[in-house]
Each structure stands twice: as structure tokens, then as C-alpha cells.
Amino acid sequence: MENEAGALSRVAGLFSARGYNIESLSVAPTEDPTLSRMTLVTVGSDDVVEQVTKQLNKLIEVVKIIDLNDGNHIERELMLVKVRATGPDREEIKRLSEIFRGSIIDVTDKSFTIELTGTSAKLDAFLEAVSKSAVLETVRTGASGIGRGEWILKV
Amino acid sequence: MSVELTGAEITIRCLQEEGVQCIFGYPGGAVLFIYDELFKQDKVRHILVRHEQAALHAADGYARSSNKVGVALVTSGPGVTNAVTGIATAYMDSIPMVIISGQVPTSAIGLDAFQEVDTVGITRPCVKHNFLVKDVTELAQTIKKAFYIASTGRPGPVLVDIPKDVSQQKTKFVYPDKITMRSYNPVVKGHARQIKKAAELILSAKRPMIYTGGGVILSDAAAQLTELTQLLNFPCTNTLMGLGGYPGTDKQSLGMLGMHGTYEANMAMQYCDVLVAVGARFDDRVIGNPKHFYNENRKIVHIDIDPSSISKRVKVDVPIVGDVQDVLKELIKLLKSENAKPDQAALKDWWKQIDLWRERDCLKFDRDSKIIKPQMVVEKLFDVTKGDAFVTSDVGQHQMWAAQFYKFDKPRRWINSGGLGTMGFGMPAAMGVQLANPKGKVACVTGEASIQMCIQELSTCKQYRLPLKIVNLNNRYMGMVRQWQEFFHGNRYAESYMDALPDFIKLAESYGHVGMRIEKPEDIEGALKEAFKLKDQLVFLDFITDQTENVFPMVPGGKGLSEMILV
């Protein structure tokens, strides 16, 4: 969509006005600074998703839409998670982080902050694996998606 | 080098470049520079209303009756919030409008300044698009875009918010000839293969039906619709927004369909085998319960310029996205070249069935009543104006009676708030209609409740000598509310009685107009004739009508089209 003030609120407003769900939304300018790219995750029947797509297309600032589920695609989400890490837990969490291909990006004597990238399901799995009481704080970006191979969304 | 102009001068120059002859508005602090420029020129005429809501409705009526873009000018804060009802009204009915609003200076935005509201935020869900112009160098291009967006594709209102300092700043004025936007390219041409499929389906029909809406009016496609309908000898029904798209007095017209549609139109909708929907959107007031409407043996062709209107409430078999006029032209061309006709024997049987439904005489009412029946007033209005008036309405029973009993033969003659259902629309809309059609006969069919929602505009009518005929069907009730209370709420008429009504005759006279009260059925025609003879005067006709009259047929909410309550 056009990288203009207010474009994001039009999308968000459309979802609330028409009663659609936004599971996650991730947006930033592209290599062409006049354009932003947004990945939006929503839940609904095929009919609802069709309506969502059509309604989004009607927004003047939306340039192009694809439904990534129409083909093979990859999605990734970034999570930063701060966990309590003291005593024997420190080793355990470090190991767990390695298993999930995370990296520890901040360390204090009481905590680790781990950076993890993957599908939303993988991030959920990591949180399941760490004991709940150890998780101090999480922040997630929401999914970013891209088509596989030659499937390219370009204006 | 060209001279530099202020933002205010540029605004007015843009309107002149767009050929705008008439705008509706109300001044205030944030738009004073723009009003100053209006004062210095005479190409764009400004109509001063008495409330911003009326400015929007008047611009709306102007647009609906003329197919030009309606333009309104309001100030920041309350100017805009008052206008919101009018903007939403236009949005729901897809009316091309440009609204110019003043805003507090850019340096004051976000600081809770005097008369500041987040105009772009407040209007966002009820405009096709809106802009806040923060830099005077972008002003001309933005206004050009606004007119382009408002009038192309599925039309709609577009708002341009101009901060006061932007209207003061200077820049070179260049008005672009043309706008191209990579993110906005409305489809015009229908897909040839889809049109072919539609033609095949049409030719296979045994019980066909053509169902048309406001899209036919907006696209100026009444001539094409009429040609197609008569070429095929198919029955045709119009929605509330589509009246006049097909001649209402023609034998192939089944009248209006929907909640208060005719028995024959609703039954034919329900039981047809091929339905051709043209510029209509199967909304809740038209088809009732979509589950009840669903019939796997009925095939549907749907022509609409807005893809999101297709398969929204009803799944269709042949969707055609495109401008209605263009698609109909292609369809007619194709049908003519194929030189084929649908099964004529089956069509004859279908017309026989329709005629049986017609015999039900669903719009009958007591013609011998000693009390004025509102239906009779509309019928006489039709007779007296020879069916050639512009008729605006407010919202409620009177609106339905006007739609049922005034047989519109031409498009852009029936002006009402169909989607949003805005009481208070009728009189200001009629002002816009009269200004767009100075020689036209303009009647506003209203009720004593609706008319009071914008009654202050009697003053505007006086100032600009707008000779409207206000046909007030006065039953001392919010009639439609009372009807629902009678049918669905055990006759408990909660707050629907209009007590303490003004003397409308004196009220009209106090504004310098003519007032008439009509209490007997035999006086209806004479009063209407006399009113239309007063060519230069607004006449307020206060018809004292039967308080108990209800609108029939009626499809109750949640019911199906064939489950009508009949009189």
C-alpha cells in the first residue's frame, strides 16, 4: 500500500467496522520508500476471507493484495522473550534456546533475553517448553509472509 | 512565471476548473479565507444553509438529480460533525460528492484547539476516501484527485480537510488535466466471457426476472436497461434506489420489491429460475432472510461495478464486474447478434403466473375513506404532476407510499435516503434538486416527524426563492415506528406519538411561504393543483391523514420474500 499517513488506520478501521478479526499485522516501508508492505493474518471462512480481500482492495491506498494461502509461502515471526535464568536453569534455558535456534541477545545475572524467529507455531512451542513462571516478558512482531520461488508480489 | 495564489484562491480555482456551479455550505473560523475568495468571484454560486447537515443533503440532492458531483463547504469541529450524517447518507447510496472542510492551523492540530476535531478520523468509515492537506503545494492535485475518486468507479463522497494556514499559504497554481493513481483503477469494461455466459443463461430462462438497483441510475443506464428488458420481454423490478431505472408505468414493470415491495415482484424474485441482478446488492431490506431466499435451482447473473457487492450476501453464478451501462450495451449487442430468444411458451406461462399474482392487488386501500388516506395523496400528486416531478422524501411510511404510488418513468426523479435512512433528508435534498433543475417541479413527500429534523431550511428556501412543494403526510405519529410497535411490540406505542406539533401553516407563513391544511379527501387534488400553480412560492401542504394506516405488503424482519403480510 501507499506509504502514507493514515493508510494503516484505514485497514484497522475496516476490520473493526466490518467485524473481521486481525490475528496479527506487521507493516514497514519497502525498498521503494513510497510503498509499505503489510502482512495481515486473519481467521475466517473462505467467504469471509474473500470479502476481506475485496474490501481491502477498495481502500484507495491499497495497491495490491495477495492471499498467501493461494500458493506455497513462507512465514516468519520474530519474538523477543525475557526469561528468569538463575542457578541450574541458566544452562537449561541456554540449551533450549539452542534447540529452537534462538540466540541470547541480553544477559544479566537473573535473566536472559532470547531472540527467536520462526512460524508463529514454533514460537508458541518455545513458550510451552519454557516453564510459564520463568517467562518474564514477551514481545512478538506478528507474521511476515512471502511467496515461495517465482511467486512474487511486486508493483 | 505564473503568479502565486493562496490555498484559498487555489481551492476556488479548482472548483471553477471542475465546472462546479453551485456549492452548499456554512462559514466559520477555519474556512474564512476560502469564503473570502468565494466573495471575490461569481462563477461558483454559494448556497447558505441553516445547518451543515442540510448543506450535505442539498449537495447530495443536487448530485442525484443531475449526475454532477455535489460540493459542500463546512468549517472545522462542529461544522464537520454536523455534516457527518449527510456524508454517511451519501456514502450509503454511493453519491458522488466532494466535501471541503476547514481545519485548525497545522501548528494547532492535536492540541485540542478551539473547534478542532479529527475530521479525517471521524469521517473515515463513511467516505470513499479522505485527505488532510498539510502542504499548499499538494492542494490542487488533492482536489483533482477528490473529484476523480468521487465520480469514478462506484461513486461516493470524498472529503478534503484544509487547515487554515494552508488556505493562507501561497504557491504556483497548476491544475492537473488528468490523474493517474497506481492504487486506484476502477474497472469499466465487463469481462467478455462472463457476458457471454450471462447471455447463455438468459436465453435458457423459463421464469426470468430482472432486478435492478441504484447502480442503473448512477451509471445512467436506464435506456440500456429498458432496451434489454423490452428486447427479452422479461419482467423487471426496481429496488427503492433503482426506481425510475425502468419506466414504472410500463406493463413489464412489477414495481418495487423488498420489505414493502409488491406481491408480484417479491413472488417473482422468489420463484424465478434465472435472475439478472443489475447494479443492486441483495441487501437485507430487499431479499429479507438470505437463507430463505436461497434456491439451488435459481441461477443468478450479477452485474456490478463493485466486486465486494458480488457474492456478499447471496452467492451468484455469473458475476460480471463492470460499469452497468457498458455491460448492458455489450449484453444487448450479443443477444441481438445471436438472434435467439428464450423459450417463448415458458415465458408466456410465467407472465400468466405473474398476472395471477398481480390480481392480488397488493397496494389496494380504502378509496372511499372519509379520512385522507396517505396513498391517495401520492396518487393525486402523480396525477397532478403528470408523473413528471422530482420527488424527494424523508424516511418512514410516507417514503414507502411515495415509492409505491408515484410511478417513476424516468431516472433521477426519485431522490431518497435508501441506505442510511436519514430522517431530515427530504427538504434539503429538494433544495439541491431545485437548484440543479430550476424549471423542474420539485415535491418533498414527508411526514410531520421527519420534516422537523431539518425544518430550519424553510429559511434557506426563502432566501433563494426555491418553490418546493412540501407534501406533509401528517398522521401525528412516527408512522413506521408505530407500525412496528403495532405488529411486533403489542401496540405499545412507546414515544412514537408526535405531541405538541407546530401549526405548520403558521410556521410556513412565518418564513414567508404559503401554507395549506387539507383535511378532506375531496380537497386533495384541488390543493395540489393550486400549490403547483404558485410557481414562485414554496407551498407547505399539511395533509391530515389517517393515523392507523399501515404500509403493505410487508416482509417482517428475518422473514423470506414470499412470507409477506398482505392487506
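As a reminder, the structure under discussion sits directly above these lines.
Computed from a predicted model, the values in this text were never measured in an experiment.

A. Here's a closer look at the overall build of chain B. If you tally the helices and strands in chain B, you get 22 helices and 20 strands. In terms of overall dimensions, chain B is globule-like: its C-alpha atoms have a radius of gyration of 24 Å, near the 24 Å expected for 567 residues. Dimensions of chain B, computed from the C-alpha atoms along their principal axes, are close to 75 × 60 × 40 Å. Here chain B, with 567 residues, has 56% of them falling under the buried criterion.

B. View of the overall build of chain A. The helix and strand inventory of chain A stands at four helices and seven strands. Beginning at the N terminus, the succession of helices and strands in chain A can be written as α-β-β-α-β-α-β-β-α-β-β. Excluding contacts between residues fewer than 6 apart, the proportion of contacts in chain A whose partners are at least 24 apart in sequence is 67%.

C. Quick look at the interface of chain B and chain A. Taken together, the eleven residues of chain B in the interface contact 14 residues of chain A. Class assignment for the residues of the side of chain B that touches chain A results in five nonpolar, three polar and three charged.

D. Fine view of the sheet that holds strand S11 (residues 253-256) of chain B. Residue and element names in this part refer to chain B. Spatial strand order, S11-S10-S9-S12-S13-S14: six strands in an open sheet with parallel pairing. Here the strands that pair on one side only, and so sit at the sheet edges, are S11 and strand S14 (318-321). Direction aside, neighbouring strands of the sheet carry axes that sit 15 degrees apart on average. Here strand S9 (residues 208-212) runs beside strand S10 (residues 236-238); their pairing, made up of three bridges, is parallel. Counted as the bridge partner of Tyr211 is Thr237 from S10.

E. Molecular detail of the nonpolar core. Judged by nonpolar contacts, the single largest core of 188 residues is most densely connected at Ala55, Ala72 and Val98 of chain B. The residues touching Ala72 of chain B, leaving out its near neighbours within four places in the chain, are Ile23, Phe24, Gly25, Ala55, Leu56, Ala59, Ala83, Met97 and Ile99 of chain B. Formed by eleven residues, the second largest nonpolar core is a distinct cluster that contains Met79, Val81, Phe112 and Leu116 of chain A.

F. Geometry of helix H4 (residues 78-92) of chain B. Residue and element names in this part refer to chain B. The end-to-end C-alpha distance of H4, which contains 15 residues, comes to 22 Å, matching closely the 21 Å that a straight helix rising 1.5 Å per residue would cover. In the structure, H4 departs most strongly from a straight axis at Val84, where the bend amounts to approximately 40 degrees. Listed in full, the buried residues belonging to H4 are Gly79, Val80, Ala83, Thr85, Gly86, Ile87, Ala88, Thr89, Ala90 and Tyr91. For H4, the secondary structure elements touched by its buried residues are helix H3 (52-66), strand S4 (70-74), strand S5 (97-103), helix H5 (119-123) and strand S7 (157-163). Backbone geometry just after H4 places Ser94 at a positive phi near 55 degrees.

G. Fine view of the packing of H3 of chain B against helix H18 (residues 426-436) of chain B. Residue and element names in this part refer to chain B. Where H3 meets H18, the axes come as close as 6 Å, and the angle between the chain directions of the two elements is 45 degrees. Relative to H18, H3 is oriented oblique. The chirality of how H3 crosses H18 is right-handed. Side by side, H3 and H18 meet where Ala54, His57, Ala58, Ala59, Asp60, Gly61, Tyr62, Ser65 and Ser66 of the first sit next to Pro428, Ala429, Ala430, Met431, Gly432, Val433, Leu435 and Ala436 of the second. By residue class, the composition of the contact of H3 with H18 is eleven nonpolar, five polar and one charged.

H. Up close: the sheet that holds S7 of chain B. Residues and elements named next belong to chain B. Reading across the sheet, the six strands line up as S3-S2-S4-S5-S7-S6 and stay open at both edges, with parallel pairing between neighbours. Two strands lie at the open edges of the sheet, namely strand S3 (45-48) and strand S6 (129-132), each paired on one side alone. Within this sheet the neighbouring strands show an average axis-to-axis angle of 20 degrees, counted without direction. Both S6 and S7 contribute to a ladder of four bridges, which runs parallel. Bridge pairing in S7 links Leu132 to Asp161. Running at roughly 165 degrees to S7, helix H6 (residues 139-151) makes contact with S5, S6 and S7 of the sheet.

I. Expanded view of the environment of Gly322 of chain B. Residue and element names in this part refer to chain B. Looking at the secondary structure, you find Gly322 in the loop between S14 and helix H14 (324-338). Between the C-alpha atoms of Gly322 and Val187, which are 135 residues apart in sequence, the distance is 5.6 Å. In this structure, Gly322 is in contact with Val187, Val188, Lys189, Gly190, Ile303, Ile305 and Val327, ignoring residues within four places of it in sequence.

J. The pairing of strand S15 (residues 390-393) of chain B, seen in detail. Residues and elements named next belong to chain B. Burial along S15 is two-sided: Phe390 and Thr392 and Val391 and Ser393, pointing in opposite directions, are all buried. Both S15 and strand S17 (residues 442-447) contribute to a ladder of four bridges, which runs parallel. Counterpart to Phe390 in the pairing with S17 is Val442. Two strands pair when backbone bridges link them, and S15 and strand S16 (residues 414-415) are joined in this way by two bridges, in the parallel orientation. If you follow Val391 over to S16, its bridge partner there is Trp414. In this fold, the crossover linking S15 to S16 by way of helix H17 (residues 397-405) has right-handed handedness.

K. Representation of the packing of H3 of chain B against H4 of chain B. Residues and elements named next belong to chain B. Packing of H3 against H4 brings their axes to within 7 Å, and their N-to-C directions diverge by 30 degrees. Considered as vectors, H3 and H4 are oriented roughly parallel to each other. Relative to H4, the crossing made by H3 is right-handed. Of H4, the residues touching H3 (which contributes Glu52, Gln53, Ala55, Leu56, His57 and Asp60) are Gly79, Asn82, Ala83, Thr85, Gly86, Ile87, Thr89 and Ala90. Here the contact of H3 with H4 is composed, by residue class, of five nonpolar, seven polar and two charged.

L. How the structure looks around unusual backbone geometry. All names here are of chain B. Phe552 connects to Pro553 through a cis peptide bond whose omega is -10 degrees. Residue placement: Pro553 occurs in the segment after strand S20 (539-544). One non-glycine residue, Asp220, lies in positive phi territory at about 55 degrees. You can see Asp220 is positioned in the loop between helix H9 (214-218) and helix H10 (222-232). Under the C-beta neighbour-count criterion, Asp220 is labelled partly exposed, with 15 such atoms within 10 Å. Phi at Ser311 is positive, roughly 60 degrees, even though this residue is not glycine. If you trace the backbone, Ser311 turns up in the loop between strand S13 (299-304) and S14.

M. How the structure looks around the pairing of S6 of chain B. Side chains His129 and Phe131 of chain B of S6 of chain B all project onto a buried face; the interleaved residues Asn130 and Leu132 of chain B project onto the opposite face, where all are buried too. A crossover links S6 of chain B with its parallel partner S7 of chain B, the connecting element being H6 of chain B, and its sense is right-handed.

N. Summary view of the environment of Asn295 of chain B. With respect to the helices and strands, Asn295 of chain B occurs in the loop between helix H13 (290-293) and S13. Linking Asn295 of chain B and Thr11 of chain B, residues 284 residues apart in sequence, is a C-alpha distance of 53 Å.

O. Summary view of the environment of Val63 of chain A. For Val63 of chain A, the location among the structural elements is in the loop between helix H2 (46-58) and strand S3 (73-84). Its 19 C-beta neighbours within 10 Å are what place Val63 of chain A among the partly exposed residues. Excluding residues within four positions of it along the chain, Val63 of chain A makes contact with Met1, Glu2, Leu35 and Val155 of chain A together with Arg182 and Ser183 of chain B.

P. The arrangement of helix H16 (residues 374-384) of chain B in detail. Residue and element names in this part refer to chain B. Most of H16 is tucked away, with ten of its eleven residues classed as buried. Of all the positions in H16, only Pro374, Gln375, Met376, Val377, Val378, Glu379, Lys380, Leu381, Phe382 and Val384 are classed as buried. In this fold, the buried residues of H16 make contact with H17, S17, strand S18 (469-474), helix H22 (524-533) and S20. A positive backbone phi angle near 50 degrees is found at Lys386, which sits one or two residues after H16.

The rules behind each value
Residues numbered from 1 in each chain as written. Chains lettered and ligands numbered in written order. Predicted model: local features only at pLDDT ≥ 70, side-chain atom pairs only at ≥ 80, totals over all residues. Helix = DSSP H or I, 4+ residues; strand = E, 2+ residues; numbered from the N terminus. Rg over C-alpha atoms; globule rule 2.2 N^0.38 Å. Buried ≥ 20, exposed ≤ 12 C-beta atoms within 10 Å, placed from the backbone. Contact = placed C-beta atoms within 7 Å. Nonpolar A, V, L, I, M, F, W, Y, C, P; charged D, E, K, R; others polar. Pairing = 2+ DSSP bridges. Axes fitted to C-alpha atoms, helices over the stretch in contact; angles between N-to-C directions. Core = buried A, V, L, I, M, F, W, Y, C linked by C-beta atoms within 7 Å. Expected span 1.5 Å × (residues − 1). Bend = angle between axes of the 7 residues up to and from the residue. Parallel < 35°, antiparallel > 145°, perpendicular 65-115°, else oblique. Left-handed = near helix turned anticlockwise from the far one by under 90°. Right-handed = clockwise from strand over helix to strand, strands pointing away.

Keep in mind these numbers describe shape, not what the thing actually does.
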